[in-house]
Amino acid sequence: MRAHDWSASPLGLPATWHGHIEDTASTGTLTALAVARNELPGRRVVVCSEHAHSSVEKACRILELELRRTPVDAAFRIRPDLLELEGACAVVATVGTTSTTSIDPVAEIAARKGDVWLHVDAAYAGSAWVCPELRFSAAGVEQADSLVVNPHKWLLVPMDCSALWTARPDAFRDAFSLVPEYLRSADDAVSLSELAIP
Ligand SMILES: *Cc1c(COP(=O)(O)O)cnc(C)c1O
């Protein structure tokens, strides 16, 4: 966790966020969407772009959520004016789509989303934020509820090292905390089992 906290700084992420390692961005997105579903029970829709990664659809399949894809502009970015958020528990913005590295306008999505959970999938391009000249693509990301970046892509770390950050660790705890007797400890150590699936 200490090393993970350090890695927020070269990426320009808020130092106050909670972060931990997931095996893949697919698992990180599944985890975040499970939290969103838990936060907004009764809303069963996830909104993303036509170009979102297949892991978003897979997470919806597993969580029995409905996926609603939003059309894109000529540069393959989601069109915020066409966002249909009725019944949505989460909206997924992609920073660096896998096919074309298109960058969804995260700040505009954040401005329109209301109380819908904002998950940013920067699995691919998030690593580029270590370069100040490429930081522009992080605009608005500080408004995300959760974020995934894959060090096991451009940060040259072997599989399985995907970084999950959240501004709302308490929501993760609400979704995942179960503390049976054999996991209790006397100290106040952070137990990552309370914030994730494993
Ligand atoms: C690679 C990629 C993923 C999936 O990453 P895994 O760690 O293999 O699950 C998700 N989103 C985007 C945009 C990607 O490029």
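Refer to the preceding data block for the structure.
All chains use their own residue numbering, which begins from 1 and follows the written sequence. Per-residue local features of the predicted model are confined to residues with pLDDT of at least 70, and side-chain atom pairs are confined, for both listing and counting, to 80 or more; whole-chain, interface and lining totals are unaffected and use all residues. Hydrogen atoms and water are omitted, and side-chain values are computed over all heavy atoms in the structure.

**Remarks on the sheet that holds strand S6 (residues 146-149)**
- Think of it this way: DSSP has to see at least two bridges between two strands before they count as a pair. Secondary structure elements are defined from DSSP: runs of H or I of at least 4 residues count as helices, runs of E of at least 2 residues count as strands, and each element is numbered from the N terminus. With mixed pairing, the seven strands of this open sheet are ordered in space as S1-S7-S6-S5-S4-S2-S3. Lying at the two open borders of the sheet, with one neighbouring strand each, are strand S1 (18-22) and strand S3 (66-70). Within this sheet the neighbouring strands show an average axis-to-axis angle of 20°, counted without direction.
- As judged from the four bridges shared by strand S5 (residues 117-122) and S6, these two strands associate in the parallel manner. Opposite alanine 122, over in S6, you have valine 149 as the bridge partner.
- Running over the sheet, helix H1 (residues 2-11) touches S1, S6 and strand S7 (162-166) and is turned about 85° from S7. Interaxial angle, 0 to 180 degrees, is taken between N-to-C directions of lines fitted to C-alpha atoms, where a helix line uses only the stretch in contact. Throughout, a residue-residue contact means that at least one pair of heavy atoms, one from each residue, lies within 4.5 Å.

**Describing the packing of helix H2 (residues 25-39) against helix H5 (residues 169-176)**
- Running from N to C, H2 and H5 point in directions that differ by 85°, and their axes come no closer than 9 Å. Classified by the angle between their axes, H2 and H5 sit roughly perpendicular to one another. For the pair formed by H2 and H5, the contact residues are Thr31, Ala32, Ala34, Val35, Asn38 and Glu39 on the first element and Ala171, Phe172, Asp174, Ala175 and Phe176 on the second.
- Following the grouping adopted for this structure description, the nonpolar residues are Ala, Val, Leu, Ile, Met, Phe, Trp, Tyr, Cys and Pro, the charged ones are Asp, Glu, Lys and Arg, and the polar ones are all others, Gly among them. Split by residue class, the contact of H2 with H5 holds seven nonpolar, two polar and two charged. Our angle categories are set so that under 35 degrees counts as roughly parallel, over 145 as roughly antiparallel, 65 to 115 as roughly perpendicular, and the remainder as oblique.

**Focus on the pattern of salt bridges**
- Each reported salt bridge corresponds to a side-chain nitrogen of Lys or Arg within 4 Å of a carboxyl oxygen of Asp or Glu. Within the structure shown, the criterion is met by ten salt bridges.
- Across the pair arginine 168 and aspartate 145 runs a salt bridge, and its minimum N-O distance is 3.2 Å. In this pair, arginine 168 is assigned in the loop between S7 and H5 and aspartate 145 in the loop between S5 and S6, connecting sequence segments 23 residues apart.
- Here arginine 168 falls in the partly exposed class, since its relative accessible area comes to 30%.
- Judged by its relative accessible area of 8%, aspartate 145 is buried.
- Notably, a salt bridge pairs aspartate 170 with arginine 173, separated by 3.4 Å at the nearest N-O pair. In this pair, aspartate 170 and arginine 173 are both assigned in helix H5, three residues apart and thus about one turn of the helix distant.
- A simple rule labels every residue: compare its accessible area, found with a 1.4 Å probe on the protein chains alone, to the largest value its type can have, and call it buried under 20%, exposed over 50%, or partly exposed in between. Residue classification places arginine 173 among the partly exposed positions, given a relative accessible area of 29%.
- Three or more residues are tied together by salt bridges with common partners; here these are Glu39, Lys113, Asp145 and Arg168.

**Notes on the site of the ligand**
- For each residue, the test is whether any non-hydrogen atom lies within 4 Å of the molecule or strand; if one does, the residue is near. Around the ligand, 13 residues are found, and the nearest of them are Ala25, Ser26, Asp121, His152 and Lys153.
- A distance of 2.9 Å is found between an oxygen atom of the ligand and a side-chain nitrogen or oxygen belonging to threonine 98.
- Relative to its unbound accessible area of 390 Å², the ligand is 88% covered by the protein chains.
- Taken together, the residues of the shell around the ligand sort by class into three nonpolar, eight polar and two charged. Two N or O atoms count as a polar contact when they lie within 3.5 Å, although within protein this holds only if one can serve as hydrogen donor and the other as acceptor, and sequence-adjacent residues are included solely when both atoms are side-chain atoms. Using the Shrake-Rupley algorithm and a 1.4 Å probe, accessible areas are obtained, with residue cover drawn only from the displayed protein chains.

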